[in-house]
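For reference, the chains in residue letters:
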Amino acid sequence: MKDPVPFHLQYPLLNKTGTQYSFERGDVKMPGPYVIIGAHLMQMNYYQIQHVPTGTITDGVNGTCLREIDALDYSPRPSWPQTWMDVAHVISKRSPDPRLKVAAIVVPEDNTGILAQGYNGGPKGLYNAPVSTEPGKSGFIHAEANCLIKCPYHFPLKKHMYVTHSPCPECCRLIVNAGISRVVYDVPYRDLSGLDMLKQAGVEVMTLEEARK
């Protein structure tokens, strides 16, 4: 057998076919068959898979065996949208807000690096605790604003923002004036009205689910 291979599944779909299961996930396909040998309980769309000989029926986790798929372009790497959103979620942990931790990053359209990053927090060198824990009254600078004040306005390529939570209307105004061409968010914010403003201004708005397809 080959060594176990980590495989990040965005949308796992197992279709039962007789005594085995077939594997499908968008345009990502694998030569096989494979057997699931482990999964992260905290992130159920991440599996360890192991190649097994063709025709073998193996009892893996939950007795699941994956049958051979007739395609060749399998890659274990996450997409760029997923990669950037993962980075944003890690940066959000820097936020001192005990209620909601948000982060935003801006990258060039060719995905060659990070132009700026920011998370929600207080003014530099001043208070680093929320004025209030009531939603919308923390007194913190929003992640998008903290990101955009560091972002080079005249960067020659189009700029994409990845933000853990959809931006509020005020941040959407800043995004428009900062010349961001695309916004990708993961978690919907309680006020989505700013997204219509972005679209009206010609900014492409996508959920993470839409961006990684």
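These numbers were taken from a predicted model, which means no experiment stands behind them.

### A word on the confidence of the model for the protein
Here's step 1: Per-residue pLDDT for the protein has a mean of 75; in total, 64% of the residues score no lower than 70.
Here's step 2: Residue range residues 1–75 is modelled with pLDDT below 50. Its contacts to residues more than four positions away, or to other chains, number 142 contacts.

### With respect to the pairing of strand β10 (residues 180–187)
Here's step 1: Two strands pair when backbone bridges link them, and strand β9 (residues 159–165) and β10 are joined in this way by 6 bridges, in the parallel orientation. Each residue of the ladder has a partner; that of V163, found in β10, is Y185.
Here's step 2: Crossover β9 to β10 through helix α3 (residues 169–177) is right-handed.
Here's step 3: Looking at chain direction, β10 and strand β11 (residues 204–207) are connected through 4 bridges and run parallel. Paired with V183 across the two strands is V205, which belongs to β11.

### A look at the state of the cysteines
Linking two cysteines covalently through their sulfur atoms gives a disulfide.
Here's step 1: If you walk through the whole model with that rule in mind, you get 0 disulfides.
Here's step 2: C151 forms no disulfide, and the closest cysteine sulfur to it belongs to C147, at a distance of 6.1 Å.
Here's step 3: Cysteine C168 remains unbridged, with the sulfur of C171 as its closest cysteine sulfur at 3.7 Å.
Here's step 4: Using a relative accessible area of 11% as the deciding quantity, one classes C168 as buried.

Reading the values: rules and limits
- Residues numbered from 1 in each chain as written.
- Predicted model: local features only at pLDDT ≥ 70, side-chain atom pairs only at ≥ 80, totals over all residues.
- Heavy atoms only, no water.
- pLDDT = per-residue confidence, 0-100.
- Contact = heavy atoms within 4.5 Å.
- Pairing = 2+ DSSP bridges.
- Helix = DSSP H or I, 4+ residues; strand = E, 2+ residues; numbered from the N terminus.
- Right-handed = clockwise from strand over helix to strand, strands pointing away.
- Disulfide = S-S within 2.5 Å.
- Buried < 20%, exposed > 50% of the residue type's maximum accessible area, 1.4 Å probe, protein only.

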